[in-house]
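Fold and contact review
These are the residues of each chain, in order.
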Amino acid sequence: MRQRRNLEILSDSEIEKMRNAGREAAGLLAELGRRVEPGVTTGELDDYAVEWAEERGVEHAPHEYGDPPFPRSICTSVNEVVCHGIPKDDQTLEAGDLVSIDVTPIIDGFHGDTCATFFVGEPSDEARRLVEVTAEALRRGMKQVRAGKRIGDIGAAIQNYVEAEDMSVVRDFIGHGIGRKFHAAPQVPHFGKFNTGMRMRPGMCFTIEPMVNAGNYPTHVLSDEWTAVTQDNSLSAQFEHTIVVTRDGVDVMTLTDGQDPFSESPAGVISLDDS
Ligand code: MF3
Ligand code: CO
Ligand code: CO
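First, a word on what this report is: a plain description of the structure on this page. (Residues numbered from 1 in each chain as written. Chains lettered and ligands numbered in written order. Predicted model: local features only at pLDDT ≥ 70, side-chain atom pairs only at ≥ 80, totals over all residues. Heavy atoms only, no water.)

Digging into the site of ligand 1
As a reminder of what qualifies: Being near a molecule or strand, for a residue, comes down to having at least one heavy atom within 4 Å of it. Pairs of N or O atoms within 3.5 Å make up the polar contacts considered here, provided that, within protein, one atom can donate a hydrogen while the other can accept it, and that residues adjacent in sequence are counted only when both atoms are side-chain atoms. Using only the protein atoms, space was sampled on a 1 Å grid; points where a 1.4 Å probe fits but cannot get out form cavities, open sets with protein on both sides within 12 Å along at least five of seven lines form pockets, and lining residues are those with an atom within 4 Å of a point. Criterion for pocket placement: a molecule counts as inside a cavity or pocket if more than half of its atoms are within 2 Å of its grid points. All amino acids are sorted into three groups, where Ala, Val, Leu, Ile, Met, Phe, Trp, Tyr, Cys and Pro are nonpolar, Asp, Glu, Lys and Arg are charged, and the leftover types, Gly among them, are polar.
Residues in contact with ligand 1 amount to 14 residues; listed here are only the nearest, P62, H176, H183, E209 and E240. Measuring from a nitrogen atom of ligand 1, one finds a side-chain N or O atom of T104 at 3.4 Å. The side chain of H183 places a nitrogen or oxygen atom 2.8 Å from an oxygen atom of ligand 1. Mapping ligand 1 onto the cavity grids shows that it belongs to the second largest pocket. By residue class, the composition of the shell around ligand 1 is 6 nonpolar, 4 polar and 4 charged.

Thoughts on the nonpolar core
This is how it is decided: Think of a nonpolar core as a cluster: buried Ala, Val, Leu, Ile, Met, Phe, Trp, Tyr and Cys residues, connected wherever their side-chain atoms sit within 4.5 Å. Only protein chains enter the area calculation, which uses a 1.4 Å probe; residues under 20% of their type maximum are buried, those over 50% are exposed, and those in between are partly exposed. Every helix listed is a DSSP run of H or I at least four residues long, and every strand listed is a run of E at least two residues long, numbered separately from the N terminus. Contact criterion: two residues are considered in contact whenever any of their non-hydrogen atoms come within 4.5 Å of each other.
Counting 67 residues, the largest nonpolar core has I101, I154, V162, F206 and I208 as its most contacted members. Of the residues forming this core, the biggest block, 8 residues, is contributed by helix 3 (residues 125–143). Ignoring sequence-local partners within four residues, the contact set of V162 consists of V133, A137, M167, S168, V169 and V212. Core analysis: the second largest hydrophobic core is formed by 6 residues, C83, F173, M211 and A228 among them.

Observations concerning the sheet that holds strand 17 (residues 236–238)
Stated precisely, the cut-off is as follows: Strands pair, by our definition, only if DSSP identifies at least two bridges between them.
One open sheet holds the 3 strands; their spatial order is 10-14-17, and the pairing between them is antiparallel. The open sheet has two free edges, formed respectively by strand 10 (168–169) and strand 17, since each of these has just one partner strand. Here strand 14 (residues 211–213) runs beside strand 17; their pairing, made up of 3 bridges, is antiparallel. Residue pairing for strand 17: V212 is matched across the bridge by A237.

This is the structure we're talking about:
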């Protein structure tokens, strides 16, 4: 890996390792999505992720990450929780809830970071629209990726679309470079202006992970120092892929075999229809 200012530019063989990590992460996320139903606790979802990692002899990057150390292995963010929700053994999912599940296993030294929002039972019309807009926001961001375009193009496309739908883009949490490191350069905001920011180069690897609120964008972190919630208590959703820039577009790492990142149904919605 060539490294400049903490930027991850991956070689072809490193990209294949990222693709493997991404496929494993996507497989785990899909398995977790199948387990989402009324009565399941977020702690049980985390327990499954821990077993999954033990079977494979791999680690979850979030476990003991940061300060204070993140206490569990995945993030589970319910309803007004924007991101970094901590799984809890006494937090039972109820029909009508939304749950965003974010996983980052480390496979052979590389990070696969992906998130989707799932419906618990039947969603309200508002929740369904929020999730559809958030999934489309990620697709629109990914369509901006190509060598020579700029990082600001991604945020501009996402912000313009989301605000036209009368929802808001979270400012306090953004996408990030990723590879051997969990969080590296570049920073990838989901808002901004076209033709600004760093130019994308082939082999650049980063996440796009828009968080969209049904209300306003300000967030607030709870006293556990991790859980971020909407200030106005409105619902929030998130989708995330880990991607690599190519000469003529985007190469999405966090896919299960045959998954189309541009299809109309995001992972979370597919698993609802399957169940
Ligand atoms: N997976 C999150 C991201 O997309 C980061 C979670 S850090 C944790 O960047 F410590 F909260 F798990
Ligand atoms: Co991320
Ligand atoms: Co993530």
